[in-house]
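# Coordinates in review
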Amino acid sequence: MPAVTVDNVLVLPRIPTPDPATSVERPVRSVTTAPSGFEGEGFPVRRAFAGVALTDLDPFIHMDQMGEVDYAPGEPRGTDWHPHRGFETVTYIIDGVFQHQDSHGGGGVIANGATQWMTAGSGILHIETPPEELVISGGLFHGVQLWVNLPSKDKMASPRYQNLEADQVTLLASDDGGALVRLIAGGLDGHSGPGATSTPITIAHATLSAGARLSLPWRSDFNALAFVLDGAGTVGRDHSPIERGQLVLFGRGDAMTLTAHPTRTLDVLLLGGRPIGEPVAAYGPFVMNTRAEIQQAFEDFNAGRFGQIPANGLRPYRR
Ligand code: MN
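This report concerns the structure included in the present document. (Residues numbered from 1 in each chain as written. Predicted model: local features only at pLDDT ≥ 70, side-chain atom pairs only at ≥ 80, totals over all residues. Heavy atoms only, no water.)

### A word on the coordination of the manganese ion
The coordination sphere of the manganese ion contains the protein donors His82 (NE2), His84 (NE2) and His126 (NE2), at a distance range of 2.1 to 2.2 Å. Each donor residue of the manganese ion belongs to the same chain, with the gaps between them written as H-x1-H-x41-H. In this pair, His84 sits in strand β8 (residues 82-84) while His126 sits in strand β13 (residues 124-129), placing the two residues 42 residues apart along the sequence. Just as His84 is buried, His126 falls in that class too. (Donors = N, O, S within 2.8 Å, 3.2 Å for Na, K, Ca; no water. Helix = DSSP H or I, 4+ residues; strand = E, 2+ residues; numbered from the N terminus. Buried < 20%, exposed > 50% of the residue type's maximum accessible area, 1.4 Å probe, protein only.)

### Some words on the pattern of salt bridges
For the structure shown, the criterion picks out ten salt bridges. A salt bridge links Arg29 to Asp56, with the shortest nitrogen-to-oxygen separation between them at 3.1 Å. With a gap of 27 residues between them, Arg29 in strand β4 (residues 28-33) and Asp56 in helix α1 (residues 54-57) connect regions that are remote in the sequence. Between Asp300 and Arg305 there is a salt bridge, and its shortest N-O distance comes to 2.5 Å. On the basis of relative accessible area, Asp300 is assigned to the buried category, the value being 9%. Sharing partners across several salt bridges, the network here consists of Glu39, Arg47 and Asp64. (Salt bridge = Lys/Arg side-chain N within 4 Å of Asp/Glu carboxyl O.)

### Points about the sheet that holds strand β15 (residues 160-164)
The seven strands lie next to each other as β5-β6-β7-β14-β9-β12-β15, forming an open sheet whose pairing is antiparallel. Where the open sheet ends on each side, the last strands, each with one partner, are β5 (36-39) and β15. For this sheet, the mean angle separating the axes of adjacent strands, direction not counted, is 25°. (Pairing = 2+ DSSP bridges. Axes fitted to C-alpha atoms, helices over the stretch in contact; angles between N-to-C directions.)

### A short note on unusual backbone geometry
Between Asp58 and Pro59 the backbone carries a cis peptide bond, its omega angle lying at 15°. Looking at where Pro59 falls in the secondary structure, it is placed in the loop between α1 and β7 (60-71). Looking along the chain, the bond that leaves Gly67 and enters Glu68 is cis, with omega of 10°. Mapping Glu68 onto the fold places it in strand β7. We note that Asn312 has phi near 60°; this positive angle belongs to a residue other than glycine. Along the polypeptide, Asn312 turns up in the segment after α3 (291-302). On the basis of relative accessibility, which here comes to 82%, the residue Asn312 falls in the exposed class.

### A word on a nonpolar patch on the surface
Taken together, the side chains of Val4, Val6, Val9 and Val11 present a nonpolar region at the surface, about 280 Å² in accessible area. Only β1 (4-6) and β2 (9-11) provide two or more residues apiece to the nonpolar patch. Residue position: Val11 is located in strand β2. Given the relative accessible area of 33%, Val11 is considered partly exposed. (Patch = residues over 30% accessible without salt bridge, like charges linked within 9 Å, V, L, I, M, F, W, Y side chains within 5 Å. Areas by Shrake-Rupley, 256 points an atom, 1.4 Å probe, with all protein chains shown as cover.)

### A look at α3
Between its terminal C-alpha atoms α3 stretches 17 Å, which fits the 16 Å expected from twelve residues at 1.5 Å a residue. Burial in α3 covers these residues: Ile294, Ala297 and Asp300. End-on view of α3: buried residues confined to an arc of 125°, all on one side of the axis. When the buried face of α3 is taken as reference, the exposed residues oriented beyond 90 degrees from it are Arg291, Ala292, Gln295 and Asn302. Against β27 (281-283) and β28 (286-288) lie the buried residues of α3. Positive phi shows up at Gly304, right after α3, with a value of about 80°. (Expected span 1.5 Å × (residues − 1). Arc of directions from axis to C-beta. Contact = heavy atoms within 4.5 Å.)

### Brief notes about the packing of aromatic side chains
Summed over all chains, the structure comprises eight aromatic pairs. Between the aromatic rings of Tyr71 and Phe141, the centroid separation amounts to 6.3 Å while the plane-to-plane angle is 35°, which identifies the pairing as tilted. Taken as a pair, Tyr71 in strand β7 and Phe141 in strand β14 (residues 139-149) lie far apart in primary sequence, 70 residues in all. Pair check on accessibility: Tyr71 and Phe141 agree, each one buried. Geometrically, the ring pair formed by Phe301 and Phe306 is edge-to-face, given 5.8 Å between the ring centres and 75° between the ring planes. Residue class for Phe301 comes out partly exposed when judged on its relative accessible area of 30%. Relative accessible area serves as the criterion here: at 3%, Phe306 is assigned to the buried category. (Phe/Tyr/Trp six-rings, centres within 6.5 Å; stacked < 30°, edge-to-face > 60°.)

Below is the structure:
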């Protein structure tokens, strides 16, 4: 059932709390704290997956939380043109604006709840940069970029681009109505998000009001991760404390529970997918299966086989 409006009130489908008699609550395997770093031309990020084994992240590779930062005028930064091969980049902008363009004809403005899904496949060049007006004005910026691996059979597929606007996201509520869940891609309790994925995955952004609890069913053949974008709360049966910048890796089961701090909201990105189970050779902007394929990627890039920067293509704006 989709969301409906009754007397100007948006009524969201509710996610029923899994029955403890028939479901298995996923235990917390680890809580790690993301170190800070800088990406591209020097914008602040948190490396969300640092310290977690690739086999536990599979099918995910890497994730940066960009900001949250309140830029002064002239400060906003992005990346210049650079290549990718062998995986997908998923860019979700929570606050602010990012511009994107690629060598395969994809691109656009990503703003305030929109997601841009770029399948690099066999090779692409792209740029991700704040628009001129944001560089001039400064302002709030907060987003996430997630790298989703592709299985070997799809690594050399043609590039693809999906633009998912904020109003396309599937909105759900927790059982008690205290949490909003934005389903960006994949399935959750029989509902589907708009993102089309190569490997089965689920990506959702949940906001829990102070003291609210969110219990979710989560496919048992998926891994399960929760990254705290903002706020604080607890997770799991033993109420392990979590706060902004921390990643929860869950163990096996088919349900999970998060609770917001009694006086603070909790914003989390929930991620899971069916592990691909192939060897990963990741180097810089390329994610392949073998070192020889990484070397081939560098050769192909240097030989210009990733395409061309479009004439009059975007460039980082500098005052
Ligand atoms: Mn990139």
